[in-house]
Amino acid sequence: MKKKHIFNSNINLQTELIAGMTSFFAISYIIVVNPLILKDAGIPASLSVFATIFSSALGCLLMYFIADAPIIITPGMGVNAFFTYTLVQSMGFTWQQALAVCAVSGLVYLLIAFTPLSKVFASAIPASLKHGITAGIGMFLVVLGLEKAQLIRSGGKQSLLALGDLSSLPVLLALFCLALTLVLYLRKVPGGFVIGIVVTSILAFLVHLVSRSDSNTSLSLLGSYGTLLFQGDFGGIFTVKFLAAVFSMTMILVFESMGLLQGLLGDSPNFQRAYQASAIAAFCSSFMGTSPTVAAAESASGIESGGRTGVTSLTAGNMFLISLFLIPLLSYVPDAAIAPVIIITGALMMEQIGQIDLTDFSEWFPAFLIVVLIPLTGSISSGLAFGFIAYPFAKFAAGRKDSVSRTLLVLSVLFLLQLISSVLL
């Protein structure tokens, strides 16, 4: 294993620490949101909050020790929804059986990550799709940030989305934070994202505009967390329903993680090790009592703050552990303080659209589907599926079948099967 960059004098330790804090604050909502989603599957929120924290801390530490990459690992949004609303509520699994599905899927993901298959899959992805993945995740973050800032809301019957109430105090506070954070970023102020979060949180507290969580979680319940450990029920592992669920979850883990890491790291030599670290974390998470972990798109906020090494992920991992003692304080950080960081980060990621050849529609259209369907469906895996299916179709339609490798064809078929299984399950 190569020597850690923390000992490299060329690395700015202060910048890495600030980047880790920035990424943590950008993703800290997962500590509250993930348990609330898993609660609908029957897992007590007061205990799954510990599973969320420990699985995130483990993932970040693995990313530091194995990959030395500035990637934050947490239970994935979208993956947790699949766990709760598809596996448990739609397919009728108990949460223990759903954890078993995640464990088997994590094992398959692990086998792919540590075999040449991962490199084969990664090299088969065309550059236009890679740039589209980055831009699509960026657009997803922009929509998420705008929703958190209450700048957009459901349009009801009139339209899909509508402008929020610009006269409301939360929206005005978010606009103030967006302006402040943008100025700090453009002036290249070190730790500008963290400064914006802290200043806005203090201001929100002073004007009594802080949304407190109604969670009854406290550190005193940690002793009961053991009841969630190793609870997977593998009794129906050879049933058709179980295997179908494993296939769908595996497709999400393998290719959503690959897409996220490709989007965040690009062609970095750390990609392979980061992919392996992500696979180990995903496999372990099911035994810790939560839905699978993935690389967080919010890692981009730390990367934009200057994070370049695993010190960023190590810092975030330690912040997760510290949050055990500060869970009540996290509720003092309002969405208005987090939203601008997410919006700006997403906008920066969308710059990748400029790297796509827009004059070649057979290249642009599949990437376009990824860019628009990730945010519109709220599912990274769905956006990837349509883009990967459309790419060979567009090339064949253009009479350029030689541009499509056999590996990409296999990936397209797999994504098509994923979509079909999602309809039938």
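Cut-offs applied
- Residues numbered from 1 in each chain as written.
- Predicted model: local features only at pLDDT ≥ 70, side-chain atom pairs only at ≥ 80, totals over all residues.
- Heavy atoms only, no water.
- Helix = DSSP H or I, 4+ residues; strand = E, 2+ residues; numbered from the N terminus.
- Rg over C-alpha atoms; globule rule 2.2 N^0.38 Å.
- Contact = heavy atoms within 4.5 Å.
- Areas by Shrake-Rupley, 256 points an atom, 1.4 Å probe, with all protein chains shown as cover.
- Lys, Arg positive; Asp, Glu negative; His and termini not counted.
- Charge placed at Lys NZ, Arg CZ, Asp CG, Glu CD.
- Salt bridge = Lys/Arg side-chain N within 4 Å of Asp/Glu carboxyl O.
- Buried < 20%, exposed > 50% of the residue type's maximum accessible area, 1.4 Å probe, protein only.
- Expected span 1.5 Å × (residues − 1).
- Axes fitted to C-alpha atoms, helices over the stretch in contact; angles between N-to-C directions.
- Parallel < 35°, antiparallel > 145°, perpendicular 65-115°, else oblique.
- Left-handed = near helix turned anticlockwise from the far one by under 90°.
- Nonpolar A, V, L, I, M, F, W, Y, C, P; charged D, E, K, R; others polar.
- pLDDT = per-residue confidence, 0-100.
- Core = buried A, V, L, I, M, F, W, Y, C linked by side-chain atoms within 4.5 Å.

A few words on the overall build of the protein. Along its length, the protein carries 17 helices and 4 strands. At 21 Å, the protein has a C-alpha radius of gyration in line with the 22 Å of a compact globule built from 425 residues. Projected onto its principal axes, the C-alpha positions of the protein cover 60 × 55 × 55 Å. Long-range contacts, defined as pairs at least 24 residues apart, comprise 80% of the intrachain contacts of the protein with a sequence gap of at least 6. About 17,800 Å² of surface is accessible on the protein, with carbon and sulfur atoms providing 67% of the total. Distance from the positive charge centre (19 side chains) to the negative charge centre (17 side chains) of the protein: 4 Å.

What follows deals with the pattern of salt bridges. Counted according to the given criterion, the structure contains 4 salt bridges. Measuring nitrogen to oxygen at the nearest pair gives 3.9 Å for the salt bridge that ties Lys395 to Asp360. Taken together, the positions of Lys395 in helix 16 (residues 380–397) and Asp360 in the loop between helix 14 (335–349) and helix 15 (361–377) put the pair 35 residues apart, joining distant regions of the chain. Taking the relative accessible area as the measure of exposure, Lys395 reaches 0% and is therefore buried. Connected via shared salt-bridge partners are Asp360, Glu363, Lys395 and Arg400.

This part covers helix 10 (residues 240–265). Between the first and last C-alpha of helix 10 there are 37 Å, a value that for 26 residues agrees with the 38 Å anticipated at 1.5 Å per step. Among the 26 residues in helix 10, 21 count as buried, and that is most of the element.

Where helix 5 (residues 95–113) meets helix 11 (residues 271–287), the closest approach of the two axes is 8 Å, and the angle between their N-to-C directions is 160°. It follows from the interaxial angle that helix 5 and helix 11 lie roughly antiparallel. Here helix 5 and helix 11 pass one another in a crossing that is left-handed. Judged by residue contacts, Leu99, Cys102, Ala103, Gly106, Leu107, Tyr109, Leu110 and Ala113 of helix 5 engage Gln272, Tyr275, Gln276, Ser278, Ala279, Ile280, Ala282, Phe283, Ser286 and Phe287 from helix 11. Residue composition of the contact of helix 5 with helix 11, by class: 13 nonpolar, 5 polar and no charged.

For the protein, the average pLDDT comes to 88, and 95% of its residues sit at 70 or higher. pLDDT under 50 marks residues 1–9. Its contacts with residues more than four places away, or in other chains, come to 14 contacts.

Now for the packing of helix 10 against helix 11. Helix 11 packs onto helix 10 with a crossing angle of 140° between their chain directions and a minimal axis gap of 10 Å. One finds that helix 10 runs oblique with respect to helix 11. For the element pair helix 10 and helix 11, the recorded crossing hand is right-handed. From helix 10, Val254, Ser257, Met258, Leu261, Gln262 and Leu265 reach across to helix 11, where they touch Phe271, Ala274, Tyr275 and Ser278. Of the residues that constitute the contact of helix 10 with helix 11, the class distribution is 7 nonpolar, 3 polar and no charged.

What follows concerns the environment of Asp267. For Asp267, the location among the structural elements is in the loop between helix 10 and helix 11. We classify Asp267 as exposed; its relative accessible area is 69%. Residues Asp267 and Val108, 159 residues apart in the sequence, show an inter-C-alpha distance of 24 Å. The residues touching Asp267, leaving out its near neighbours within four places in the chain, are Lys130 and Gln262.

Here we take up the nonpolar core. Counting residues in each nonpolar core, the largest one holds 108 residues, and the members touching the most others are Ile71, Phe83, Leu87, Phe320 and Phe388. In terms of residue count, the dominant contributor to this core is helix 10 (14 residues). In this view, Phe388 contacts Ile125, Leu129, Ile133, Leu408, Leu411, Ser412 and Phe415; residues no more than four positions away in its chain are not counted. In terms of nonpolar packing, the next biggest core, distinct from the first, is built from 8 residues, Ala149, Leu151, Ala174 and Ala339 among them.

Following the sequence through the fold, Ser382 ends up in helix 16. Residues Ser382 and Gln418, 36 residues apart in the sequence, show an inter-C-alpha distance of 9.0 Å.

A positive phi is found at Asp68, a non-glycine position, where the angle reads about 55°. Topologically, Asp68 is positioned in the loop between helix 3 (45–67) and strand 1 (73–75). Here Asp68 falls in the buried class, since its relative accessible area comes to 1%. Positive phi, normally seen in glycine, also occurs at Gln150, with a value near 60°. Within the secondary structure, Gln150 is located in the loop between helix 7 (127–148) and strand 2 (152–154).

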